[in-house]
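# Topology and contacts: notes
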Amino acid sequence: MNKHISSPGRPRSINADQAILQATLELLAEVGYQSMSMEAIAIRAGVGKATIYRRYTSKEELVADAIESVREDVQIPDTGSFWGDMDIVIDHAAQRIQSPLGCQTLALIISTASSNPQFAQVYWKKYTKPRRDAFAEVLQRAKLRGEIQPDADIELIIDLVSGSLYYAIVFKPTPKPLAAYMRQTMELIIQGVGKNHQ
């Protein structure tokens, strides 16, 4: 018996894995994490629920994998200067977080990770940590170039920048574009640890 459910408009050539991940991303952006069900994902993907459960033990695991599937390479080019690198980091983060999927992802983090340790752990490993590692690389380069103090607390700097990003998205404290707000925030942080900062 064929358990696959037809889904108008979805090319037959897309395999089940790709279809499941794409359907998850679409529904995450459209209805959000809480309203999204495994059944709805199966229907959108054109597969049976059993097909999904053979691959994923929970919705948290599936959503984290789907988000990871569109994760872009977070390696930051070495421009030769801290602010050259930071402008790339800030612009990329602003573009990503302001997309429909980015907004839903932020809402997902806030509403789910705090009350669901399993999701928080999976999301940290698959999505957050690679970005923190890339940001840390930028700061390590700045240390080696003497642009920030050698004892600057990199993890704390990343926490402060990440926190201000979430705050700006949720509360919109300023009419400034997000990238401009984040650069101003970073400038203020670096004034406390910088050397010869212009």
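Above this note sits the structure.
Residues numbered from 1 in each chain as written. Predicted model: local features only at pLDDT ≥ 70, side-chain atom pairs only at ≥ 80, totals over all residues. Heavy atoms only, no water.

Here Tyr53 is to be found in helix H3 (residues 49-53). Residue Tyr53 is classed as partly exposed on the basis of its relative accessible area, which comes to 46%. Separated by 15 residues in the primary sequence, Tyr53 and Met38 place their C-alpha atoms 8.8 Å from one another. (Helix = DSSP H or I, 4+ residues; strand = E, 2+ residues; numbered from the N terminus. Buried < 20%, exposed > 50% of the residue type's maximum accessible area, 1.4 Å probe, protein only.)

Before going further, it helps to spend a moment on helix H5 (residues 82-97). The end-to-end C-alpha distance of H5, which contains 16 residues, comes to 22 Å, matching closely the 22 Å that a straight helix rising 1.5 Å per residue would cover. Within H5, the full set of buried residues consists of Phe82, Trp83, Asp85, Met86, Val89, Ile90, Ala93, Ala94 and Ile97. Viewed end-on, H5 has its buried residues packed into an arc of 160°, placing them on one side of the element. (Expected span 1.5 Å × (residues − 1). Arc of directions from axis to C-beta.)

Before going further, it helps to examine the pattern of salt bridges. In total, this model carries 13 salt bridges according to the counting rule given. Residue Glu30 is joined to Arg44 by a salt bridge in which the shortest nitrogen-to-oxygen separation is 2.8 Å. Taken together, the residues Glu30 in helix H1 (residues 16-31) and Arg44 in helix H2 (residues 38-45) connect sequence positions 14 residues apart. Measuring nitrogen to oxygen at the nearest pair gives 3.4 Å for the salt bridge that ties Asp85 to Arg141. You can see Asp85 sitting in helix H5 and its partner Arg141 sitting in helix H7 (residues 117-144), a full 56 residues away along the chain. The same class applies to Asp85 as to Arg141, namely buried. A network of salt bridges, in which partner residues are shared, links Asp78, Asp85, Glu137, Arg141, Arg145 and Glu147. (Salt bridge = Lys/Arg side-chain N within 4 Å of Asp/Glu carboxyl O.)

In the contact formed by helix H4 (residues 59-69) and H7, the axes pass within 9 Å of each other and the chain directions differ by 15°. Classified by the interaxial angle, the pair formed by H4 and H7 is roughly parallel. Two packed elements cross with a definite hand, and for H4 against H7 that hand is right-handed. Contacts from Glu60, Val63, Ala64, Asp65, Ile67 and Glu68 in H4 reach Gln118, Phe119, Val122, Tyr123, Lys126 and Tyr127 in H7. (Axes fitted to C-alpha atoms, helices over the stretch in contact; angles between N-to-C directions. Parallel < 35°, antiparallel > 145°, perpendicular 65-115°, else oblique. Left-handed = near helix turned anticlockwise from the far one by under 90°. Contact = heavy atoms within 4.5 Å.)

Bringing the nonpolar core into the picture now. Here is a general trend for soluble globular proteins: nonpolar side chains tend to be buried in one another's company. Within the largest apolar cluster, 30 residues are counted, with the highest numbers of intra-cluster contacts made by Phe82, Met86, Phe135, Leu139, Leu178 and Met186. For this core, the secondary structure elements donating two or more residues are H5, H7, helix H8 (154-171) and helix H9 (178-191). Listed in part, the 23 residues of the second largest apolar core include Leu27, Ile41, Ala42 and Leu62. (Core = buried A, V, L, I, M, F, W, Y, C linked by side-chain atoms within 4.5 Å.)

With that out of the way, let us pick up the packing of aromatic side chains. Going through the model one piece at a time under the given rule, you end up with two aromatic pairs. With a centroid separation of 5.1 Å and an interplanar angle of 75°, the aromatic rings of Phe82 and Trp83 are classed as edge-to-face. Note on Trp83: relative accessible area 16%, which makes it buried. Between Tyr167 and Phe171, the aromatic rings sit 5.2 Å apart at their centres with planes inclined by 45°, giving tilted as the arrangement. In this pair, Tyr167 and Phe171 both sit in helix H8, four residues apart, roughly one turn of the helix. On the basis of relative accessibility, which here comes to 42%, the residue Tyr167 falls in the partly exposed class. (Phe/Tyr/Trp six-rings, centres within 6.5 Å; stacked < 30°, edge-to-face > 60°.)

With that settled, the discussion passes to the packing of H5 against H7. When two helices pack together, their arrangement is captured by the angle between the axes and the distance separating the axes. Between H5 and H7, the shortest axis-to-axis distance is 9 Å and the interhelical angle comes to 160°. Regarding the angle of H5 to H7, the classification is roughly antiparallel. Crossing of H5 over H7 shows left-handed handedness. Counted together, Phe82, Asp85, Met86, Val89 and Arg96 of H5 and Tyr127, Arg131, Phe135, Val138, Leu139, Arg141 and Ala142 of H7 form the full contact between these two elements. Partitioning the contact of H5 with H7 into residue classes produces eight nonpolar, no polar and four charged. (Nonpolar A, V, L, I, M, F, W, Y, C, P; charged D, E, K, R; others polar.)

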